[in-house]
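Summary of structural features
Listed below, chain by chain, are the residues.
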Amino acid sequence: MIKYIKFLLLFLLAGTVLDARSQSTGTTSSPYSRYGIGDLNPQLLPQNMAMGGIGTAIGLINGYSSVNPINPASYSTIGLTTIDAGLQGSVFSLSQTGQTSQRDANFRLSHLTFGIPVTRNSALAFGLMPYSEIGYNYTRSIKGFGSTAPADTNVTLLSYKGEGGLSKAFLGYGFAPIRSLRLGANISYIFGNLKQFNSTQFPNLYGVLNTRDEQSYSVGGVSYDYGAQYQLDLSLTRHIVFAYSAAAQSNLNSQKSHIVSHYKSDELGNEGLPTDSVINIQNAKSKIQLPNIHHFGISYQRDQKFLVGLDYTMGNWSALTIDGANAGMSNSKTLNIGGQITPNLNSINSYWATVDYRAGFILDQTYFNVNNVSGTGQTNIKSYAATFGFGLPLRPVNGTSFYKINIAAEVGRRGTIANGLVRENYFKIRLGFTLNDRWFQRYKFD
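Source: prediction; values computed, not measured.

What about the nonpolar core?
In terms of nonpolar packing, the biggest core is built from 37 residues, with Ile-37, Ile-288, Leu-290 and Trp-317 touching the most fellow members. Taken together, the elements giving at least two residues each to this core come down to strand S2 (81-95), strand S4 (122-143), strand S5 (155-178), strand S6 (181-201), strand S7 (210-233), strand S10 (276-290), strand S16 (356-371) and strand S17 (378-394). In terms of residue count, the dominant contributor to this core is S16 (four residues). Aside from chain neighbours lying at most four places away, what touches Ile-37 is Tyr-131, Ser-132, Ile-134, Leu-166, Leu-194, Ile-288, Leu-290, Trp-317, Leu-320, Ile-322 and Tyr-367.

What about the packing of aromatic side chains?
This model, assessed by the stated rule, comprises 13 aromatic pairs. With a centroid separation of 6.0 Å and 50 degrees between ring planes, the pair formed by Tyr-136 and Tyr-138 is classed as tilted. With a relative accessible area of 5%, Tyr-136 lands in the buried category. Look at Tyr-138 and you get partly exposed, because its relative accessible area is 24%. Ring pairing ties together the aromatic residues Tyr-32, Trp-317, Tyr-367 and Phe-368, which thus form one cluster. Positioned above the aromatic ring of Tyr-263 is the side chain of Arg-212, whose terminal nitrogen or guanidinium carbon lies 4.2 Å from the ring centre. Its guanidinium or amino end placed over the ring of Tyr-426, Lys-428 lies 5.1 Å from that ring's centre, counting from NZ or CZ.

Side note on the environment of Tyr-173
By secondary structure assignment, the location of Tyr-173 is in strand S5. With a relative accessible area of 35%, Tyr-173 lands in the partly exposed category. Distance in space between the C-alpha atoms of Tyr-173 and Ser-76 is 7.8 Å, their sequence separation being 97 residues. Contact partners of Tyr-173, with chain neighbours within four places excluded, come to Pro-72, Tyr-75, Val-118, Ser-122, Ala-123, Leu-124, Leu-183, Gly-184 and Ala-185. Among the polar contacts listed, one links the side chain of Tyr-173 to the side chain of Ser-122, at a separation of 3.1 Å.

Section: the confidence of the model for the chain
Looking at the chain, pLDDT values average 86 and 85% of them are 70 or higher. Low pLDDT, under 50, characterises residues 20-26; the predicted model gives this stretch 19 contacts beyond four residues in sequence or across chains.

Let's talk about the pattern of salt bridges
Under the counting rule described, the total for this entry stands at nine salt bridges. For Asp-323, the salt bridge identified is with Lys-256, shortest N-O distance 2.8 Å. Here Lys-256 lies in strand S9 (residues 250-263) and Asp-323 lies in the loop between strand S13 (321-322) and strand S14 (325-326), a separation of 67 residues in the sequence. Take Asp-323: its relative accessible area is 32%, and that puts it in the partly exposed class. For Lys-256, a relative accessible area of 14% gives the class buried. For Lys-404, the salt bridge goes to Asp-356, with nearest N and O atoms at 2.5 Å.

Parameters at a glance
Residues numbered from 1 in each chain as written. Predicted model: local features only at pLDDT ≥ 70, side-chain atom pairs only at ≥ 80, totals over all residues. Heavy atoms only, no water. Core = buried A, V, L, I, M, F, W, Y, C linked by side-chain atoms within 4.5 Å. Buried < 20%, exposed > 50% of the residue type's maximum accessible area, 1.4 Å probe, protein only. Helix = DSSP H or I, 4+ residues; strand = E, 2+ residues; numbered from the N terminus. Contact = heavy atoms within 4.5 Å. Phe/Tyr/Trp six-rings, centres within 6.5 Å; stacked < 30°, edge-to-face > 60°. Lys NZ or Arg CZ within 6 Å of the ring centre and 35° of its normal. Polar contact = N/O pair within 3.5 Å; in protein donor to acceptor, adjacent residues only side chain to side chain. pLDDT = per-residue confidence, 0-100. Salt bridge = Lys/Arg side-chain N within 4 Å of Asp/Glu carboxyl O.

Below, the structure written as structure tokens:
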């Protein structure tokens, strides 16, 4: 069994890197990913997401070393060389008043992380994770073009399409200057492509020119994260951890291309070649300014028994600017609550007693601030989700190699059908493979 897990890990390692290098289409199907820099991904592994997305005050999870990029101070708890790779899938069901519900499914390789102990109380960590995703394709039909136009020509089609996303490669170091205090920092490189296409079409007016607006950004830039954890030991096995971490405001370089062109469509709606270009800007230098994001967390753990925690996150996304212009986003607020329980980690007679059982909740006021279809104002989009999952340990090969399969499921709802907007019901599944092993060990011989 273990050799198959090793093979799968190698496959996921290679696949995750190739997926990041070749990423050109989004792996989300949300119309809300049209706004800002797309649908933001939590910088967490499946073992954290199954517990409602808690991570700020989390270090070791039931004795297993884990890479936790949301708070680099946690790296100091990594005691064995750690590799974690995984994948995720999602199913979206979209509803809108007066429209037929739509369903879509996506699948992708999700993360690749490494942790390497440096000293007894410090470690390096590095990896690759998705940062944001764009993926949508929808059309709106508007009646009322021209007061004297015949009824059958009185239609305008507005088409919106987007694809792409940003990935985050990070390198971090965490250490414990004293027993109860942990500190750490990440330096990250955020890169990728964001593409959006808007079209205005008049399908029933022969000879009328349609308009297509294409914008794309090729992004690459450095960002920074830092954090701290303070552990209060109530006994040898019971601990409370208070924690804070943050992503600093950063500027990403980008090259912008913007083309606005006219084109004709045939009777079947097929688009023809552009007849002219009203705007044609290629590879213009621009900036994307990311805001400060603050994470606060607390956790309580009894070693080898249970873990509960709470996170509160504030993102100053109203300060997000793209190409020098404010993106019109809202400040985000997220509450994560969750935990896990392990009936009997040392059980010999029952494998299921050694399994980690996890659950949690997520309440999210997102950064999406969307114009109402009626034009009467804006609506801030909120989401709610319940999570659950398992940590399935595998029989160790020897005394230094430990494996675990982490499964996380998320069931949630985002948005509203009020004001002509879209409500999303979604299901996400995440699968991760964790390896803890003792590498770089200096052996002694008598």
